[in-house]
Amino acid sequence: MWQDSVDEYYSLNRPQKNFLYDVIIVGGGITGISTGLLLQKAGKKCLIVEAANIGFGTTGGTTAHLNTLLDTPYTTIQKKFGKEDAKLVAKSVKEAIRLIYNNINEYRIDCGFSFANAFLFAKDEKQEKELDEIYEASLAAGIDIGYSDNITVPIDFVKAIKVGGQGKFHPLKYVYGLANEFEKMGGVILQKCRVTNIEKNDTITAETEKGNFRANDLIYATHIPPGVNLLHLRCVPYRSYAIAMTLNDNAYPADLAYDMYDPYHYYRTQRVNGRNYLIAGGEDHKTGHEENTEYSFLKLESHIRQYFSVKEIVYKWSSQYFEPADGIPYIGHLPGSPENIYVATGFGGNGMVYSGVAALVFKEILLNEEKKYADLFDPNRIKPIAGFTNFIKHNADVAKLFVSKLFSGEDLHELAELAPGEAKIVVYNKNKIALYKDEEGQLHAINPICTHLKCEVKWNMAEKTWDCPCHGARYSFDGKLLTGPASHDLESIQLGSLIKK
């Protein structure tokens with residue numbers, strides 16, 4: 001929905017090949033652009049390098065809830081980090097929402113922002129007990145919270161809590177507004193340019209599809225860092241589904257709402273280009289672990305229709321997030337890398353607020369400010385597991401190639417028995433091959449071994465992508481890399497005498 005309501009962003013400034021930037025930021029989503037603006041405003045010379053179009057990755061797939069009521073409840077944060085750090089997490093996300101609000105006001109960004117309340121509601125006795133525990137821990141963390149007799153959605157409940165100081169907005173219009181101000185300050189955005197390698201010497205050289213660029217520091221704001229890193233074993237990829245619809249009775253909820261199922265459902269309204277939409281999401285699952293992803297959309301739609309008078313389903317999409325092992329993000333120095341390479345990852349389902357937290361943390365680190373949050377979110381709080389180095393050496397090699405092999409299109413066509421638009425993995429001459437048959441009947445064959453850590457990819461029926469169930473890399477039907485942590489496409493396999501329908 002967000003992508004359909006904006007034009008493609010066109011960068012104003014051009015990068016300089018022989019210029020030493022202070023900071024190169026890899027990734028042009030809300031995290032990268034927010035960080036770039038804060039650093040550029042403080043006097044740093046920044047280059048943002050984006051593989052596609054800014055905001056069209058995970059930021060463009062969010063449902064854009066601005067909340068201090070986090071997916072990982074304060075009960076969990078309190079148990080794992082203690083009461084004082086739980087307060088610090090709450091303080092950080094409050095400041096992140098305030099940063100977004102201040103940016104909108106200062107730069108006059110028209111992005112449909114409004115403050116809202118959030119309602120978390122229980123539907124049975126077990127959920128009610130958990131709700132009470134969340135209430136107590138959230139209150140202790142300093143969240144504006146209280147019990148409520150009413151909620152914003154027409155769903156029966158036994159108990160609910162209300163949280164103030166939340167918000168909602170149009171994320172791409174916000175990111176575009178920040179990007180425009182970033183460029184006015186002299187910052188540079190380079191789009192449709194994937195970073196292919198990093199050389200680490202006295203300075204950092206980012207090798208890209210459009211040349212090499214140097215900087216003193218580099219930040220990966222790519223949702224998950226590319227390559228092979230300890231964080232890939234500590235961040236679990238999930239997909240979440242969203243539907244935007246219009247209603248017959250115009251009973252659009254004014255606030256945010258969340259149930260307590262696992263996976264849970266979430267609801268809100270956004271006005272876009274003069275039209276109201278109810279946005280509902282849920283049915284989360286680990287990436288590559290659901291065979292029929294179209295069924296996830298059907299389950300979500302069925303759930304929504306129980307409670308709302310749906311007029312028209314206008315948009316459907318899914319998006320990816322990475323769940324951190326201990327419940328809060330990893331923001332700071334990238335473990336195992338030189339001290340001037342940084343990362344922001346593991347935001348869970350709260351990427352909008354944690355993007356602001358990341359920008360604030362990087363400002364603390366790179367401007368040598370007093371550290372309010374950097375120690376709490378430090379990725380190096382995760383210690384390497386036994387045998388990790390050997391694990392990397394064993395798995396990081398490029399998967400076995402099909403070099404110089406020509407496979408029979410006729411045989412594969414008969415073996416696969418695919419209808420147009422279908423895909424599957426087949427075994428042919430002792431080789432596994434991922435096949436997709438397009439609407440014209442043409443077979444597309446690729447090596448199904450992910451180029452990241454050699455897991456076998458799975459077909460995503462709803463979005464026609466090959467998804468890695470291990471670490472979340474995603475590829476198009478013909479093997480082109482869509483999202484990391486992989487850095488290369490899947491290998492294309494040549495077919496001879498291809499049969500068409």
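As a reminder, the structure under discussion sits directly above these lines.
Because the structure is predicted, anything quoted here is derived from the model rather than measured.

## Looking at helix H6 (residues 293-307)
1) Next: When we look at burial in H6, the residues that qualify are Thr293, Ser296, Phe297, Leu300, Glu301, His303 and Ile304. Seen along its axis, H6 keeps its buried residues to an arc of 160 degrees; they face one direction.
2) Next: In this fold, the buried residues of H6 make contact with strand E11 (235-247), strand E13 (266-272), strand E14 (275-286), strand E15 (310-324) and strand E22 (458-460).

## Some details on helix H1 (residues 30-41)
1) Next: The end-to-end C-alpha separation of H1 is 16 Å, in line with the 16 Å expected for 12 residues at 1.5 Å each.
2) Next: When we look at burial in H1, the residues that qualify are Ile30, Thr31, Gly32, Ile33, Ser34, Thr35, Gly36, Leu37, Leu38, Leu39 and Gln40.
3) Next: Just beyond H1, the residue with positive phi is Gly43, at close to 110 degrees.

## A word on the environment of Tyr74
1) Next: Here Tyr74 is to be found in helix H2 (residues 74-81).
2) Next: For Tyr74, a relative accessible area of 1% gives the class buried.
3) Next: Between the C-alpha atom of Tyr74 and that of Lys87, which follows or precedes it by 13 residues, the distance is 8.8 Å.
4) Next: A distance of 2.7 Å separates a polar side-chain atom of Tyr74 from the backbone oxygen of Thr68.

## Quick look at the side chain of Asn229
1) Next: Mapped onto the secondary structure, Asn229 falls in the loop between strand E10 (211-220) and E11.
2) Next: Within the structure, the side chain of Asn229 is placed 2.9 Å from the backbone nitrogen of Leu231, a separation counted as a polar contact.
3) Next: Here Pro335 takes part through its backbone oxygen, which lies 2.7 Å from a polar atom of the side chain of Asn229.

## Points about the pattern of salt bridges
Should their charged atoms come close, side chains of opposite charge can pair.
1) Next: Evaluated as defined, the whole model comprises 19 salt bridges.
2) Next: Of the charged contacts, one joins Arg474 and Glu463 as a salt bridge, the two residues approaching to 3.6 Å between their closest N and O atoms. In this pair, Arg474 sits in strand E24 (residues 474-476) while Glu463 sits in the loop between E22 and strand E23 (465-467), placing the two residues 11 residues apart along the sequence.
3) Next: We classify Arg474 as buried; its relative accessible area is 9%.
4) Next: Put simply, Arg239, Glu463, Asp467 and Arg474 are held in one network by salt bridges that share partners.

Cut-offs applied
- Residues numbered from 1 in each chain as written.
- Predicted model: local features only at pLDDT ≥ 70, side-chain atom pairs only at ≥ 80, totals over all residues.
- Heavy atoms only, no water.
- Buried < 20%, exposed > 50% of the residue type's maximum accessible area, 1.4 Å probe, protein only.
- Helix = DSSP H or I, 4+ residues; strand = E, 2+ residues; numbered from the N terminus.
- Arc of directions from axis to C-beta.
- Contact = heavy atoms within 4.5 Å.
- Expected span 1.5 Å × (residues − 1).
- Polar contact = N/O pair within 3.5 Å; in protein donor to acceptor, adjacent residues only side chain to side chain.
- Salt bridge = Lys/Arg side-chain N within 4 Å of Asp/Glu carboxyl O.

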